[in-house]
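In case you want the letters, here they are:
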Amino acid sequence: MTSANEEEATDEVSCRSKRQKLSGAGTGASTESSATAAITSSSKVIASDGSDVKEWVLHIPPRLTKSAYQILLSCNAAPRQWHLEGRFGSRTHVVEEGKFNGIPILFNEEHMKKMIESSNNHTELEELINTDGVSIVEKVFVQNHRTRQLVPTVDARIHPELEPEGYVIPSIKPICTDAKYSHGAHSFTYAEMFGGIGGFGVGLEALGGKCVFYSEIDEQCRETYKLNFPETDTSCIHGDIYDVQDSELPRNLDLLVAGFPCQPFSNLGFPCQPFSNLGDQPGFQCEKGRGQLFLQIVRVLEISRPKAFLLENVPGLLSMKDTLDVILKAFRGAGYTVYAERLFFVGIRLDKSESEGTNTTVESSQKSSNYQFPYIPDLKLSAQDILDYETLDKSEADILKLSPETFDQLRNSRWKPHHLAWPNKKCDTLTSHYGNAVGRGDSQLVPSASPNPPRRFSVRECARIMTFGNSFKFVSARHDQGEMAYRKQCYRMLGNAVCPPLIAALAGSVLDAIDVQMRDDVGVKTKAKGCWTEKGRDVAIKLACQSLRPEPSLPLPAGCLISLQTK
């Protein structure tokens, strides 16, 4: 028996009245209609219909508790902490002081007897069930010291001080439509460099933009882009930006967008990361040239002269002052006032900017009256809004679940079950190396129902985490490509992508700053201060709703939505 098993077996045996009573207001789940259970102030777990949630419990003499729990685990009759049913450990509790303890189990007595009859390996279980003083009863869900009522306290809004007076977030529910909105006439043009699978494009086209240039060196990303943007003229789609001639770059451009490669400025320690906190740091001298790719953006700025640009990188770049100064100086030298935050760069061409000085720092740029990063609401979404849990196709789940060897390695690492993507938790940031080295605990996993081990995210779930709509397509696997190899390819593309709703929200504020006229569905031009910012926010929410799991409810076990106690 491993130490993890020992912790499970003994954790709840000594549950006594000395434990403090639980209190609080709720689970922190984002959507009440999708919650299987929630906690009320009376410390009961309540079903969606208002009734008490119940479970099957084995009543047993205290002296048999530990051995009985091990028998139940060996027969998969009790959940472990990485199962949906076992999020809070065994929850063994005192039923009657000195006489009976209770162990929550998965099945009723009839099912347990059928298990015993169908297998010769359940002799110990049969003896346990037939022991004097042992019984199986149905009772109200029992909480323990790990379950707790928590009201979310984190304000995830961006620039809440800019929230419009009286603003109310629209209804947040799945939208089962195509990811793009039709527009009778495009309102603006954009070019996308280092475009990946088109994260910028999804947000901008939903906002009314037309792509006139796209470049991406990775062939799989280009093919995925073509699959999702068939309206983009093939003459506008390019590969390596170094192979694009000046004459091929667009003119009369409204907006340039790019997610220039972030590995040189990342803290994640991949190969060829010039400014990583882990390993070698070759800086701008990265042998693969990634640290110099921002100069290609400068080239396009000088030739295409877009009215504005919107660039994305990693926040780690903000801490590298010398490097950041070089990049900002290059952008300003191309004729733009530059603003930076978290880390997005917004550049406004000087003839469009009220602040025409070229000596703008990151701090001073954010105080300029010409551009301000917009208010973005917190939709309070969580894992239950995007993950399929037990609705995932069984064949897909079998591919994604961890092998016994990998799971053993994981359990012997620093990993703990609370790292799993529980229904009312936020998902971790998705990285391009998701799914690699799972045994080291570097990838967030999805809890499964007993007796299955945790599994990786599906490709569709990763797409939802990155807020790509359910209609977003991926190219099929090559005939010589393995099942997991194909999924890791998709993980890599998604991990390198930007979130389309965020792009729509930011781009709306940029379009306001450069006075782009908005066209409606019949091509009529309209212009009002702030209209693009408002539209960007509305489009962002719609895109987010398109990425939600389409099923209206989750078949989740009682209690797994309860927030884990933090110490």
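About the criteria used
- Residues numbered from 1 in each chain as written.
- Predicted model: local features only at pLDDT ≥ 70, side-chain atom pairs only at ≥ 80, totals over all residues.
- Heavy atoms only, no water.
- Helix = DSSP H or I, 4+ residues; strand = E, 2+ residues; numbered from the N terminus.
- Pairing = 2+ DSSP bridges.
- Contact = heavy atoms within 4.5 Å.
- Axes fitted to C-alpha atoms, helices over the stretch in contact; angles between N-to-C directions.
- Patch = residues over 30% accessible without salt bridge, like charges linked within 9 Å, V, L, I, M, F, W, Y side chains within 5 Å.
- Areas by Shrake-Rupley, 256 points an atom, 1.4 Å probe, with all protein chains shown as cover.
- Salt bridge = Lys/Arg side-chain N within 4 Å of Asp/Glu carboxyl O.
- Lys, Arg positive; Asp, Glu negative; His and termini not counted.
- Charge placed at Lys NZ, Arg CZ, Asp CG, Glu CD.
- Phe/Tyr/Trp six-rings, centres within 6.5 Å; stacked < 30°, edge-to-face > 60°.
- Lys NZ or Arg CZ within 6 Å of the ring centre and 35° of its normal.
- 1 Å grid on protein atoms, 1.4 Å probe; cavity = no way out; pocket = protein on both sides within 12 Å on 5 of 7 lines; lining within 4 Å.
- Points joined across faces, edges and corners; volume = space filled by probe spheres on them.
- Nonpolar A, V, L, I, M, F, W, Y, C, P; charged D, E, K, R; others polar.
- Core = buried A, V, L, I, M, F, W, Y, C linked by side-chain atoms within 4.5 Å.
- Buried < 20%, exposed > 50% of the residue type's maximum accessible area, 1.4 Å probe, protein only.
- Parallel < 35°, antiparallel > 145°, perpendicular 65-115°, else oblique.

Chemist: Where do I start with unusual backbone geometry in this structure?
Modeler: Note: most residues except glycine have negative phi, and most peptide bonds are trans. Residue P451 is bonded to the preceding S450 through a cis peptide linkage, with omega at 10°. You can see P451 is positioned in the loop between α11 (404-411) and α12 (459-465). The phi dihedral of R91 is positive, around 55°, even though this residue is not glycine. Looking at the element boundaries, R91 is found in the loop between α2 (65-74) and β4 (93-96). The phi torsion at R342 lies on the positive side, around 55°, for a residue other than glycine. By the element assignment, R342 lies in the loop between β12 (336-341) and β13 (344-349).

Chemist: Please clarify how the sheet that holds strand β10 (residues 255-258) should be interpreted in this entry.
Modeler: What the seven strands build is an open sheet, ordered β9-β8-β7-β10-β11-β13-β12; its pairing is mixed. Every other strand in the sheet has two partners, leaving β9 (237-238) and β12 as the edge strands with one partner each. Against the sheet, helix α6 (residues 219-228) touches β7 (188-193), β8 (209-215) and β9, its axis set at about 160° to β8. Along the sheet, helix α7 (residues 294-304) contacts β7, β10, β11 (308-312) and β12; its crossing angle with β10, the most-contacted strand, is approximately 170°.

Chemist: Help me understand a negative patch on the surface, please; the structure alone is not making it clear to me.
Modeler: A cluster of acidic side chains, namely E117, E124, E126 and E127, defines a negative patch on the protein surface. Here the negative patch takes three residues from helix α4 (residues 123-129), the largest share from any one element. Along the chain, E124 falls in helix α4.

Chemist: I keep staring at the packing of aromatic side chains and nothing clicks. Help me out?
Modeler: As enumerated under the stated definition, the model contains 16 aromatic pairs in all. Ring centres of Y371 and F373 lie 5.2 Å apart, and the angle between their planes is 75°; this geometry places the pair in the edge-to-face category. Taken together through their ring pairs, the aromatic side chains of F260, F309, F331, Y336 and F345 make up a single cluster. R537 extends its terminal NZ or CZ atom over the ring of Y167, reaching a point 5.2 Å from the ring centre.

Chemist: Please clarify how empty space enclosed by the protein should be interpreted in this entry.
Modeler: Vacant regions in the atomic arrangement are exposed by a probe of water-molecule size rolled over the atoms. Under the definition given, this model contains one cavity of 30 Å³ or more. Here the largest cavity defines a volume of roughly 40 Å³. Every residue along the wall of the largest cavity is listed here: L84, E85, G86, R87, F88, R91, F141, A558, G559 and C560. Residue composition of the lining of the largest cavity, by class: five nonpolar, two polar and three charged.

Chemist: I'm lost on the nonpolar core in this one. Help?
Modeler: When a protein is soluble and globular, its nonpolar side chains tend to lie buried together. Membership of the largest hydrophobic core comes to 84 residues, with the highest contact counts inside it found for L204, L310, I348, F468, F474 and L494. A per-element tally of this core places helix α14 (residues 500-513) first, with eight residues. Aside from chain neighbours lying at most four places away, what touches L494 is I197, L430, V459, C462, A463, M466, F468 and F474. Residues F213, L293, L328 and L343 belong to the second largest nonpolar core, which totals 30 residues.

Chemist: Is there a simple way to explain the packing of α6 against helix α13 (residues 483-495) in this structure?
Modeler: Helix-helix packing: each pair is described by the crossing angle between the helix axes and the interaxial distance. Between α6 and α13, the least distance of the axes is 11 Å, while the angle of their chain directions is 80°. In terms of orientation, α6 lies roughly perpendicular with respect to α13. Along its contact with α6, which presents Q220, C221 and T224, the element α13 presents Q489, R492 and M493.

Chemist: Please clarify how the pattern of salt bridges should be interpreted in this entry.
Modeler: Applying the stated criterion across every chain, the model contains 22 salt bridges. In this structure, R455 engages E461 in a salt bridge whose closest nitrogen and oxygen atoms are separated by 2.9 Å. In this pair, the class of R455 matches that of E461, namely buried. A single salt-bridge network, built from bridges that share partners, covers D155, R157 and E163.

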